[in-house]
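# A closer look at the structure
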Amino acid sequence: MLMPFRRRKARDDAPSPSVGGDRRVYAIGDIHGRDDLFAQLLDRIALDEAERDPLPRLLVLLGDLVDRGPQSRQVVERAMGLARSTGDVCFLKGNHEEMFIAAARGKAQAARLFRRYGGVETLASYGLGAEDSALMSDEAMVRWMLAHVPRDHVDFLDDFADMLPLGDYLFVHAGVRPRVALDAQIPADLRWIRGDFLNHGRHFGKMIVHGHNISEDVDVQPNRIGIDTGAFRSGRLTAIGLEKDRRWFLQTSA
């Protein structure tokens, strides 16, 4: 769902949120199988960091690495390489990881939803042609996934965290349930929520950085920042940079 870009004016006397500590944080929005854009954005982050004073760096991926785009397997492998090469990276689980994991573990009911929301493109990256997957029953699809999707890929995605609090910020995939304490949120809301979260005008206790909901550009609100710019179809993959009470954005070219 494409939402118009909106920027509500924050109160002039409201303090700027801080990510806290002597660190620099980069968070990347929904990649959705665009490994080409993922590689470009990592390069841009490296260049941006090189122009700033040295600080410990944390990279956060907000989930939905897979589905819709043509290179889901390559995205997963690049993410696994990041996890092996550095400890300064955190992965959050999105609703598309949830669907992929369930189907890859043999749940035929999950395969129905998985194929409807971009799973055909994901399986093509693992070697199953779109015509073949269209002819498969849900049961046959999960059998194929059990046989052909590497188990270490499934385990890697299943180990993703649900949320990450840092200073005055909270990083999640989709959002949080209003009027529910942040430490009492349930995974279903963190990965799937839309309207109740997006339309809530009050503060959540922390500034929420999220993906999941596509906007034409970054969606900066007084209580949340959305950075899903629809990379799989727009060509724009977005990252937010944070250092103490400062923030900036990096994007690939459309």
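Here goes a summary of the coordinates provided. Each residue is numbered by its place in its chain's sequence as written, counting from 1. In keeping with the model being predicted, local features are shown solely for residues with a pLDDT of at least 70 and side-chain atom pairs are shown and tallied solely at 80 or more, while totals for entire chains, interfaces and linings include all residues. Computation of side-chain values covers all heavy atoms of the structure but excludes hydrogens and water.

## Comments concerning the overall build of the protein
- For the purposes of this entry, the term helix denotes a DSSP run of H or I that reaches at least four residues, the term strand denotes a run of E that reaches at least two, and both are numbered from the N terminus. When you go through the protein residue by residue, the secondary structure sums to 10 helices and 12 strands.
- Dimensions of the protein, computed from the C-alpha atoms along their principal axes, are close to 60 × 40 × 30 Å.
- Expressed as a percentage of its 254 residues, the buried residues of the protein come to 53%.
- Should any heavy atoms of two residues lie within 4.5 Å, those residues are considered in contact. If you take every contact in the protein between residues at least 6 apart in sequence, the share linking residues at least 24 apart comes to 66%.
- Per-residue and other accessible areas follow the Shrake-Rupley method at a 1.4 Å probe size, with only the shown protein chains counted as cover for residues. Of the accessible surface of the protein, which amounts to about 11300 Å², a share of 49% is contributed by carbon and sulfur atoms.
- Here the protein contributes 35 positively and 37 negatively charged side chains, and the mean placements of these two sets differ by 4 Å. Relative accessibility decides the category of a residue: with a 1.4 Å probe and only protein chains considered, values under 20% of the type maximum give buried, values over 50% give exposed, and everything between is partly exposed. For the charge count, each Lys or Arg is scored as positive and each Asp or Glu as negative, with His and the chain ends excluded. Where a charge lies is defined by one atom per residue type: Lys uses NZ, Arg uses CZ, Asp uses CG and Glu uses CD.

## Examining the pairing of strand S12 (residues 246–251)
- Pairing of strand S11 (residues 238–243) with S12, which is carried by six bridges, proceeds in the antiparallel orientation. Across the sheet, residue Ile-240 finds its bridge partner in S12, namely Phe-249.
- Being paired, for any two strands, means DSSP has found at least two bridges between them. What sits between S11 and S12 in their antiparallel hairpin is a turn of two residues, with Lys-244 showing a positive phi close to 50°.

## Remarks on unusual backbone geometry
- With a phi angle near 60°, Asp-64 is a residue other than glycine that sits in the positive phi range.
- Assignment of secondary structure puts Asp-64 in the loop between strand S3 (57–61) and helix H2 (72–85).
- Positive phi, close to 75°, is recorded for Arg-68, a residue that is not glycine.
- With respect to the helices and strands, Arg-68 occurs in the loop between S3 and H2.
- On the basis of relative accessibility, which here comes to 31%, the residue Arg-68 falls in the partly exposed class.

## Re the nonpolar core
- In this text, buried Ala, Val, Leu, Ile, Met, Phe, Trp, Tyr and Cys residues form a nonpolar core when linked through side-chain atoms within 4.5 Å. Core analysis: the biggest nonpolar cluster contains 46 residues, and Ile-28, Phe-38, Leu-59 and Met-145 have the highest contact counts within it.
- At six residues, the largest contribution of residues to this core is made by helix H3 (residues 95–104).
- Once residues lying within four places of it in the same chain are set aside, the contact partners of Met-145 are Phe-100, Ala-103, Ala-104, Phe-114, Leu-123 and Arg-151.
- With 20 residues, the next largest nonpolar core counts Leu-58, Val-60, Leu-166 and Phe-171 among its residues.

## Examining the sheet that holds strand S4 (residues 89–91)
- Judged by pairing direction, the sheet is mixed, and its five strands sit side by side in the order S4-S3-S2-S11-S12 without closing on themselves. The open sheet terminates on both sides in strands that have one partner only, identified here as S4 and S12. Taken over all neighbouring pairs, the strand axes of this sheet differ in orientation by 20° on average, direction set aside.
- Axes, fitted as lines to C-alpha atoms, cover a helix only where it is in contact. Angles between the N-to-C directions of the axes lie from 0 to 180 degrees. In this fold helix H1 (residues 35–50) packs onto strand S2 (24–28), S3, S11 and S12, with an angle of close to 165° to the strand it touches most, S2.

## Brief notes about the pattern of salt bridges
- A pair is scored as a salt bridge if a Lys or Arg side-chain nitrogen falls within 4 Å of a carboxyl oxygen belonging to Asp or Glu. Under the definition given, this model contains 19 salt bridges.
- With its nearest N and O atoms 2.9 Å apart, the salt bridge here joins Arg-24 to Glu-243. Linking Arg-24 in strand S2 with Glu-243 in strand S11, this pair joins segments that are 219 residues apart in sequence.
- On the basis of relative accessibility, which here comes to 10%, the residue Glu-243 falls in the buried class.
- A salt bridge links Arg-191 to Glu-98, with the nearest nitrogen and oxygen atoms 2.8 Å apart. Placement of the pair is Arg-191 in helix H8 (residues 187–192) and Glu-98 in helix H3, with a sequence separation of 93 residues.
- Residue Arg-191 is classed as buried on the basis of its relative accessible area of 10%.
- Several salt bridges share partner residues, and in doing so they unite Lys-93, Arg-105, Asp-155 and Asp-158 into one network.

## A word on the sheet that holds strand S5 (residues 164–166)
- Spatial ordering of the open sheet is given by S5-S6-S7-S10-S9, a layout of five strands whose pairing is mixed. The outermost strands of the open sheet, each flanked by one partner alone, are S5 and strand S9 (219–220).
- Alignment of S5 against strand S6 (residues 169–171), held across three bridges, turns out to be antiparallel. Directly across from Leu-164, in S6, lies its bridge partner Phe-171.

## Side note on the packing of helix H4 (residues 108–125) against helix H6 (residues 138–148)
- Packing of H4 against H6 brings their axes to within 9 Å, and their N-to-C directions diverge by 65°. Two packed elements cross with a definite hand, and for H4 against H6 that hand is left-handed. Between H4, through Ala-108, Ala-111, Arg-112, Phe-114, Arg-115 and Leu-123, and H6, the contact on the second element is made entirely by Asp-138, Glu-139, Met-141, Val-142, Trp-144 and Met-145.
- Classifying every residue of the contact of H4 with H6 gives eight nonpolar, no polar and four charged. By convention, the crossing between two helices is left-handed when the near helix turns anticlockwise from the far helix through less than a right angle, and right-handed when the turn is clockwise. Basically, the charged four are Asp, Glu, Lys and Arg, the nonpolar ten are Ala, Val, Leu, Ile, Met, Phe, Trp, Tyr, Cys and Pro, and anything else, Gly included, counts as polar.

Note that all results are geometric; they support no functional claim without further evidence.
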